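One letter stands for each residue in the lines below.
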Amino acid sequence: MPKEEILMTGAYPEWDMVDLEANYRVHRLWEAADRQELISRVGKDIRAIATRGELGASAELMAQLPKLEIVSCYGVGTDAIDLSYARANGIRVTNTPDVLTEDVADIAIGLLLATARQVPQADVLVRSGQWGSVAMPLVTRVSGKKVGIAGMGRIGKAIAKRAAAFGCDISYFARHDHQDVAYTYEPDLIALAGWADFLIVIVPGGEATMKIINAEVLEALGPNGILINVSRGTTVDEEALIAALQNRTIQAAGLDVFLNEPRIDARFLTLQNVVLQPHHGSGTVETRKAMGQLVRDNLAAHFAGSLLPTPVV
């Protein structure tokens, strides 16, 4: 029996690639010398796209695949997938929620600790042999502080749980008040930033949250405030953030996401008051295996005519 044909927009870990290659005829778009030639040649037979959150699937791409039935996304964020086009054309979309919640929450707190306690700078001090001749500056306590969380979905709640364990006071900004949490709802993001010592961003990407962390929010956060972003690079106005870091409008930032990843703005590399992560919040063996399994489960369920485990559309 011939294998179903799928188009992959980017690489998955080897354990996923082995399984996908065994069960489907896989076309590797990212390896094609001429991507358009590949799409023109195989597009008529493609029934599924396997993609990653940051790569997505555009309407332009989907329109060239007349037999396309499903887009299975490795990641939670679907802002790079044209969901409107998918809905209008009966194309199913799935993602991988829940399995990465704990790891992303962990890295949010890890970035906060690394930034406030200046862990990378302390590491450099010791490795360079300066310990004993150069004094490590006093840093910022995390325990007992005021933590503002922009976003109170699955990951926001997991971050809040961790911050609460540090004895922190927690308030949050979201589209609506969440009745299932005991934290204080603040519908005004600027007011939340003005109240908080630390502002952690975990809102979804997309047009609705584009540059939601702007110069006014950063000014409200203030010279002792720390910004942590584990959401999407689009949610922060990077020009405003770089200026705020350069001018010490805020104390520091810890960032796992950026615009133009991985070719980030070079000015970040010159700043000593920012901790940089390569969009690796979910980057543990355990979570990446679970994410890949969920992608494969969604594809298998679709082709078997079964209910999709994690449908978005």
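Cut-offs used in this document
Residues numbered from 1 in each chain as written. Predicted model: local features only at pLDDT ≥ 70, side-chain atom pairs only at ≥ 80, totals over all residues. Heavy atoms only, no water. UniProt positions renumbered as here; feature names shortened; annotations may be inferred. Salt bridge = Lys/Arg side-chain N within 4 Å of Asp/Glu carboxyl O. Buried < 20%, exposed > 50% of the residue type's maximum accessible area, 1.4 Å probe, protein only. Core = buried A, V, L, I, M, F, W, Y, C linked by side-chain atoms within 4.5 Å. Helix = DSSP H or I, 4+ residues; strand = E, 2+ residues; numbered from the N terminus. Contact = heavy atoms within 4.5 Å. Pairing = 2+ DSSP bridges. Axes fitted to C-alpha atoms, helices over the stretch in contact; angles between N-to-C directions. Phe/Tyr/Trp six-rings, centres within 6.5 Å; stacked < 30°, edge-to-face > 60°. Parallel < 35°, antiparallel > 145°, perpendicular 65-115°, else oblique. Left-handed = near helix turned anticlockwise from the far one by under 90°. Nonpolar A, V, L, I, M, F, W, Y, C, P; charged D, E, K, R; others polar.

Per an unreviewed UniProt entry, the protein goes by the name 2-hydroxyacid dehydrogenase and belongs to Rhizobium indicum. Taken directly from UniProt, the Sequence similarities (unreviewed entry) text for the protein runs: "Belongs to the D-isomer specific 2-hydroxyacid dehydrogenase family."

Trainee: What exactly am I supposed to notice about the pattern of salt bridges here?
Mentor: For the structure shown, the criterion picks out 18 salt bridges. Across the pair Arg28 and Glu21 runs a salt bridge whose closest N-O atoms are separated by 3.1 Å. Its relative accessible area of 28% is what places Arg28 among the partly exposed residues. Classification of Glu21 by relative accessible area gives partly exposed; the value is 31%. Residues joined in a network through salt bridges with shared partners are Glu4, Arg47 and Glu69.

Trainee: Would you explain the nonpolar core in this entry?
Mentor: In this structure, Met8, Tyr12, Leu20, Ile149, Ile159 and Val230 are the most contacted members of the largest nonpolar core, which totals 47 residues. Val217, Leu218, Ala240 and Ala253 belong to the second largest nonpolar core, which has 26 residues in total.

Trainee: Looking at this model, I keep getting lost on the side chain of Ser171. Mind explaining?
Mentor: Mapped onto the elements of the fold, Ser171 is located in strand β7 (residues 169-173). Residue classification places Ser171 among the buried residues on the basis of a relative accessible area of 7%. Sequence-distant contacts of Ser171, that is, excluding residues within four places in its chain, are made with Val147, Gly148, Ile149, Thr184, Leu192 and Trp195.

Trainee: Even after reading the chapter, I still don't get unusual backbone geometry, so can you show me in this structure?
Mentor: Trans is the common state for peptide bonds, and a negative phi is the common state for residues other than glycine. Of note, the amide linkage connecting Glu261 to Pro262 takes the cis form, showing an omega dihedral of -5°. Topologically, Pro262 is positioned in the loop between β11 (252-255) and β12 (274-276). A positive phi is found at Gln118, a non-glycine position, where the angle reads about 55°. Within the fold, Gln118 resides in the loop between α5 (101-116) and α6 (119-127).

Trainee: Got a minute to help me understand the sheet that holds strand β1 (residues 5-8) in this structure?
Mentor: Across a sheet, paired strands are connected by hydrogen bonds in the backbone, their directions being either parallel or antiparallel. One open sheet accounts for five strands, arranged β2-β1-β3-β4-β5; its pairing is parallel. The open sheet terminates on both sides in strands that have one partner only, identified here as β2 (25-28) and β5 (92-94). Across this sheet, the average inter-strand angle for adjacent strands is 20°, counted without regard to direction. Note that β1 and strand β3 (residues 46-52) share four bridges and pair parallel. Along β3, the bridge assignment pairs Met8 with Ala50. Strands in contact with helix α11 (residues 285-304) are β3, β4 (70-74) and β5; relative to β4, the strand with the most contacts, it is inclined by about 170°.

Trainee: Just checking my understanding: could you explain the UniProt feature "domain: D-isomer specific 2-hydroxyacid dehydrogenase catalytic" (unreviewed entry) in the protein for this structure?
Mentor: UniProt annotation of "domain: D-isomer specific 2-hydroxyacid dehydrogenase catalytic" (unreviewed entry) refers to residues 24-312 when read in the numbering used here. Within residues 24-312, the helical portion is 34% and the strand portion 16%, while the C-alpha atoms at the span's ends are 23 Å from each other.

Trainee: Could you clarify how one ought to interpret the packing of aromatic side chains in this entry?
Mentor: A ring pair, where both rings are aromatic, is described by two values, the distance of the centres and the angle of the planes. Under the criterion given, the structure shown has four aromatic pairs. For the ring pair Tyr12 and Tyr74, a centre distance of 4.7 Å and an interplane angle of 25° mean the geometry is stacked. Taken as a pair, Tyr12 in the loop between β1 and α1 (14-23) and Tyr74 in strand β4 lie far apart in primary sequence, 62 residues in all. You'll find Tyr12 and Tyr74 in the same group, each marked buried. When the centroid spacing of 5.8 Å and the interplanar angle of 45° are considered together, the rings of Tyr24 and Phe303 count as tilted.

Trainee: Please explain the UniProt feature "domain: D-isomer specific 2-hydroxyacid dehydrogenase NAD-binding" (unreviewed entry) in the protein as it appears in this structure.
Mentor: Those places that UniProt annotates as "domain: D-isomer specific 2-hydroxyacid dehydrogenase NAD-binding" (unreviewed entry) correspond, in this numbering, to residues 109-281. Taken end to end, residues 109-281 has its terminal C-alpha atoms 11 Å apart, with 30% of it in helix and 16% in strand.

Trainee: Would you explain the packing of α1 against α11 in this entry?
Mentor: For any two helices packed against each other, the geometry comes down to the angle between their axes and how far apart the axes lie. Interaxial distance between α1 and α11 falls to 9 Å at its minimum, and their mutual angle equals 20°. The orientation of α1 relative to α11 falls into the category roughly parallel. The way α1 lies across α11 gives a crossing that is right-handed. Of the residues in α11, those touching α1 at Trp15, Asp16, Asp19 and Leu20 are Val285, Arg288, Lys289, Gly292, Gln293, Arg296 and Leu299. Among the residues making up the contact of α1 with α11, the classes are represented as four nonpolar, two polar and five charged.

Trainee: What's the story with the packing of α5 against helix α7 (residues 154-165) in this structure? I'm lost.
Mentor: Direction vectors running N to C along α5 and α7 enclose 50°, while the axes themselves pass 8 Å from each other. One element, α5, and the other, α7, form an angle in the oblique class. Considering how the two elements wind past one another, α5 and α7 form a crossing that is right-handed. For the pair α5 and α7, contact is made by Thr101, Glu102, Val104, Ala105, Asp106, Ala108 and Ile109 and by Arg154, Ile155, Ala158, Ile159, Arg162 and Ala163, respectively. Considered class by class, the residues forming the contact of α5 with α7 number eight nonpolar, one polar and four charged.

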